[in-house]
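Structural overview
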Protein chains: 2
Amino acid sequence: MDYYSKQISKLIEELSSLPGIGSKSAQRLAFHILNMPEDRVEKLADTIVDARHNIRYCKTCCTLTDAEECPICRNPSRNHRMIMVVENTRDLAAYEKTGKYDGVYHVLHGAISPMLGIGPGDIRLKELIKRLEGDVDEVIIATNSSLEGETTAMYISKLIKPTGIRVSRIASGVPVGGDLEYIDEVTLLRALEGRVEL
Amino acid sequence: MDYYSKQISKLIEELSSLPGIGSKSAQRLAFHILNMPEDRVEKLADTIVDARHNIRYCKTCCTLTDAEECPICRNPSRNHRMIMVVENTRDLAAYEKTGKYDGVYHVLHGAISPMLGIGPGDIRLKELIKRLEGDVDEVIIATNSSLEGETTAMYISKLIKPTGIRVSRIASGVPVGGDLEYIDEVTLLRALEGRVEL
């Protein structure tokens, strides 16, 4: 790409390395940025660095947040005896958007995948098991309905059943193979209501 | 978006303000960035700020570059008596990619649009006219084949004709209404070869 000056090429290259951004989009983005006022560009860069710098895992539910404990875990009006297990923070946000779930969450940051060599020790399962020592009525497993998500759900239910805590799985209103974060709120709610005990 | 912590929401908001990035893509990008190593994130932010900070207009052709004069204008093996007029730096890059054009460019940074209130004084036309005082054999107008591009082409040709310098327009091998930067190289070349004098 020597038809652009070095710094423009570098910018385009950096932007194309991001997910979902191809070479054309990267060029569009780059020239948009080059035409932005300089203070706006600095603000964008600061926001990126600050967010990354201040991010941490909630000490309770492991979601990505900027405090020791996330706002949901800190909220006394949530039902802390009901834990919904999700694969990542975006899936948590998908259920939060429905506004109808008042329990808390546990974010695994992945799913068990023998194909990719991701075992139970590679996701935040230890932390979940530890939480079950407290007062918990039910664990709702809301991993994706993909092969990995189902494997993870089975694994967790087998782990929890002996403790006597109720374990449920969101109903398969969620289309098989679908990614939780792209599903509409009505379907998400139906899946929650129709959950079946495992 | 209070289901994300404040800094994550801010990051998602900043990213969605970029062109072509909707709310879902912004979330994907944000979490990708939050999962990147911190030094990679800093490099990304630095590249963005550096590119914007060091960008300037070439003193000859007005393209976006990082030196006083761009590499094409500095290159003695290019034909400096042939000037191709384009709307923006991406269109220049589109013709550079063909590798077959050895003249130089002039970047207008826009096109005349009475609808949007963009007049001849709002694009880099003065700079083009000034260049014509030197030795110029031909001006090739390669603005887009949109209404604005055609208007601009007509305006420029009327301006240059009295000077006796040859003015041509790239052939309409370029589909009408199309955006130059998305067109394949063969079509771009055919349009160049079939250019007609105005």
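First, a word on scope: everything that follows refers to the structure included in this document. (Residues numbered from 1 in each chain as written. Chains lettered and ligands numbered in written order. Predicted model: local features only at pLDDT ≥ 70, side-chain atom pairs only at ≥ 80, totals over all residues. Heavy atoms only, no water.)

1. A look at the overall build of chain A
Looking only at helices and strands, one finds eight helices and seven strands in chain A. Its C-alpha atoms give chain A principal-axis dimensions of about 65 × 35 × 35 Å. The long-range fraction of contacts in chain A, counting pairs at least 24 apart against all pairs at least 6 apart in sequence, stands at 54%. Within the structure as shown, chain A displays about 9,400 Å² of accessible surface, and the carbon and sulfur contribution to it stands at 51%. (Helix = DSSP H or I, 4+ residues; strand = E, 2+ residues; numbered from the N terminus. Contact = heavy atoms within 4.5 Å. Areas by Shrake-Rupley, 256 points an atom, 1.4 Å probe, with all protein chains shown as cover.)

2. Thoughts on a negative patch on the surface
Residues and elements named next belong to chain A. Where like charges cluster on the molecular surface, the negative patch consists of D39, E42, D46 and D50. The topology assignment puts D46 in helix α3 (residues 38-54). Relative accessible area serves as the criterion here: at 46%, D46 is assigned to the partly exposed category. (Patch = residues over 30% accessible without salt bridge, like charges linked within 9 Å, V, L, I, M, F, W, Y side chains within 5 Å. Salt bridge = Lys/Arg side-chain N within 4 Å of Asp/Glu carboxyl O. Lys, Arg positive; Asp, Glu negative; His and termini not counted. Charge placed at Lys NZ, Arg CZ, Asp CG, Glu CD. Buried < 20%, exposed > 50% of the residue type's maximum accessible area, 1.4 Å probe, protein only.)

3. As for the nonpolar core
Counting residues in each nonpolar core, the largest one holds 43 residues, and the members touching the most others are A:I33 and B:I33. Elements with a minimum of two residues in this core: α1 (6-16), α2 (23-34) and α3 of chain A together with α1 (6-16), α2 (23-34) and α3 (38-54) of chain B. If we ignore the near neighbours within four places in the chain, the residues touching B:I33 are A:L18, A:I48, A:R52, B:L11, B:L15, B:V41 and B:L44. (Core = buried A, V, L, I, M, F, W, Y, C linked by side-chain atoms within 4.5 Å.)

4. A look at the pattern of salt bridges
One pass over the full model with this rule turns up 16 salt bridges over all chains. A salt bridge links A:K43 to B:E14, with the shortest nitrogen-to-oxygen separation between them at 3.1 Å. A residue pair is termed interchain when its members come from two chains, as with A:K43 in helix α3 and B:E14 in helix α1. The salt bridge involving A:E96 is made with A:R78; its shortest N-O contact spans 2.8 Å. Of the two residues, A:E96 sits in helix α5 (residues 89-98) while A:R78 sits in the loop between α4 (71-74) and β3 (79-86), which places them 18 residues apart along the sequence. A relative accessible area of 14% places A:E96 in the buried class. A relative accessible area of 13% places A:R78 in the buried class. Salt bridges linked by common partners bring A:E14, B:R40 and B:K43 together as one network.

5. A word on the layout of surface pockets
Its volume calculated, the largest pocket comes out at about 300 Å³. Taken together, 16 residues make up the lining of the largest pocket; nearest its centre are A:F31, A:N35, B:E87, B:N88 and B:R90. Secondary-structure elements contributing two or more residues to the lining of the largest pocket are α2 of chain A together with α5 (89-98) of chain B. In the lining of the largest pocket, the residues fall into three nonpolar, seven polar and six charged. (1 Å grid on protein atoms, 1.4 Å probe; cavity = no way out; pocket = protein on both sides within 12 Å on 5 of 7 lines; lining within 4 Å. Points joined across faces, edges and corners; volume = space filled by probe spheres on them. Nonpolar A, V, L, I, M, F, W, Y, C, P; charged D, E, K, R; others polar.)

6. Some points on the relation of the copies chain B and chain A
Superposition record for chain B on chain A: RMSD 0.1 Å, screw rotation 180 degrees, translation along axis 0.0 Å. The two molecules are tied by a two-fold rotation axis, judged by turn and shift. Every residue of chain B has its C-alpha some distance from the rotation axis, and the shortest such distance is that of B:A45, at 2.3 Å. When the interface residues of chain B are mapped onto chain A, 100% of them again lie at the interface, so the same face is used by both copies. (Least-squares fit on C-alpha atoms with pLDDT ≥ 70 in both.)

7. As for the packing of aromatic side chains
Applying the stated rule across the entire model yields four aromatic pairs over all chains. A:R124 extends its terminal NZ or CZ atom over the ring of A:Y57, reaching a point 4.1 Å from the ring centre. (Phe/Tyr/Trp six-rings, centres within 6.5 Å; stacked < 30°, edge-to-face > 60°. Lys NZ or Arg CZ within 6 Å of the ring centre and 35° of its normal.)

8. Things to note about the interface of chain B and chain A
Each side of the interface is counted separately: chain B has 51 residues, and chain A has 51 residues. The interface formed by chain B and chain A holds four salt bridges in total. Applying the counting rule to chain B against chain A returns 12 residue pairs in polar contact (both at pLDDT 80 or more). Take the side of chain B that touches chain A: its biggest share by element is 15 residues, from α3(B). Considered class by class, the residues forming the side of chain B that touches chain A number 24 nonpolar, 10 polar and 17 charged. (Polar contact = N/O pair within 3.5 Å; in protein donor to acceptor, adjacent residues only side chain to side chain.)

9. Section: the side chain of A:S157
Residue and element names in this part refer to chain A. You can see S157 is positioned in helix α7 (residues 147-160). Assessed through its relative accessible area of 5%, S157 is described here as buried. A distance of 3.1 Å separates the side chain of S157 from the backbone oxygen of M154, its partner in a polar contact.

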